[in-house]
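# Observations on the model geometry
Residue strings, one per chain:
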Amino acid sequence: MSKKKPLWFKRIRGSYLPISWQGWLLYIPFVSYLVLSVVVTLHRSRAIGYVLFSVFVEWVAGAVVLSWIASLRSRQN
């Protein structure tokens, strides 16, 4: 007898949205990380090229990690 894991995320249009408290517990810090990365990068430098590159790299890294976790927790095994 196998136990089904509860779903944390639902796949919608190529993205994942939280559907449980565990998903929100992961999603809220992710959004905070995105905002904080912009604030910290702007504080370090006002050069637009540096800011855009740094924020892009940090956002992609964060999105990859969140998407990976969401993909694992959005399908039942």
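Let me begin by describing the structure that accompanies this report. What you see is a predicted model; the values in this text were computed from it and never measured. (Residues numbered from 1 in each chain as written. Predicted model: local features only at pLDDT ≥ 70, side-chain atom pairs only at ≥ 80, totals over all residues. Heavy atoms only, no water.)

A separate point is the environment of valine 60. Along the chain, the position of valine 60 falls in helix α2 (residues 48–72). With 26 residues separating them along the chain, valine 60 and leucine 34 place their C-alpha atoms 9.9 Å apart. (Helix = DSSP H or I, 4+ residues; strand = E, 2+ residues; numbered from the N terminus.)

Another point: the pairing of strand β1 (residues 9–12). Both β1 and strand β2 (residues 15–18) contribute to a ladder of four bridges, which runs antiparallel. By the bridge assignment, lysine 10 is partnered in β2 with leucine 17. Once β1 ends, the chain turns through two residues before running back antiparallel as β2, passing arginine 13 with a positive phi of about 50°. (Pairing = 2+ DSSP bridges.)

Once that is clear, we can look at the packing of aromatic side chains. Per the counting criterion, the structure on display carries two aromatic pairs. Ring centres 5.7 Å apart and planes at 85° place the aromatic pair tryptophan 24 and tyrosine 27 in the edge-to-face group. A residue pair is termed a helical-turn pair when its members lie 3 or 4 positions apart in one helix, as tryptophan 24 and tyrosine 27 do in helix α1 (residues 21–44) at three residues. Using a relative accessible area of 43% as the deciding quantity, one classes tryptophan 24 as partly exposed. Measuring from centroid to centroid gives 6.2 Å for tyrosine 27 and phenylalanine 30, while their planes differ by 45°, and the two rings are tilted. (Phe/Tyr/Trp six-rings, centres within 6.5 Å; stacked < 30°, edge-to-face > 60°. Buried < 20%, exposed > 50% of the residue type's maximum accessible area, 1.4 Å probe, protein only.)

What follows covers α2. Its 25 residues place the ends of α2 36 Å apart at the C-alpha level, agreeing with the 36 Å of an ideal helix rising 1.5 Å per residue. For α2, every residue scored as buried is listed here: Val51, Ser54, Val55, Gly62, Leu66, Ala70 and Ser71. Tucked inside the fold, the buried residues of α2 contact β1, β2 and α1. (Expected span 1.5 Å × (residues − 1). Contact = heavy atoms within 4.5 Å.)

With that settled, consider α1. In an α-helix, one turn spans 3.6 residues, which is why side chains three or four residues apart end up on the same side. With 24 residues, α1 should cover 34 Å at 1.5 Å per step; its first-to-last C-alpha distance of 35 Å lies within 8% of that length. Buried residues along α1 sit against β1, β2 and α2.

Topologically, tryptophan 8 is positioned in the segment before β1. C-alpha of tryptophan 8 to C-alpha of serine 71: the two residues are 63 residues apart in sequence and 9.5 Å apart in space. Setting aside its immediate chain neighbours within four residues, tryptophan 8 contacts Leu17, Pro18, Ile19, Ser20, Gln22, Gly23 and Arg73.

What follows covers unusual backbone geometry. Within the chain, arginine 13 stands out as a residue other than glycine whose phi angle is a positive 50°. Tracing the backbone shows arginine 13 in the loop between β1 and β2. Assessed through its relative accessible area of 87%, arginine 13 is described here as exposed.

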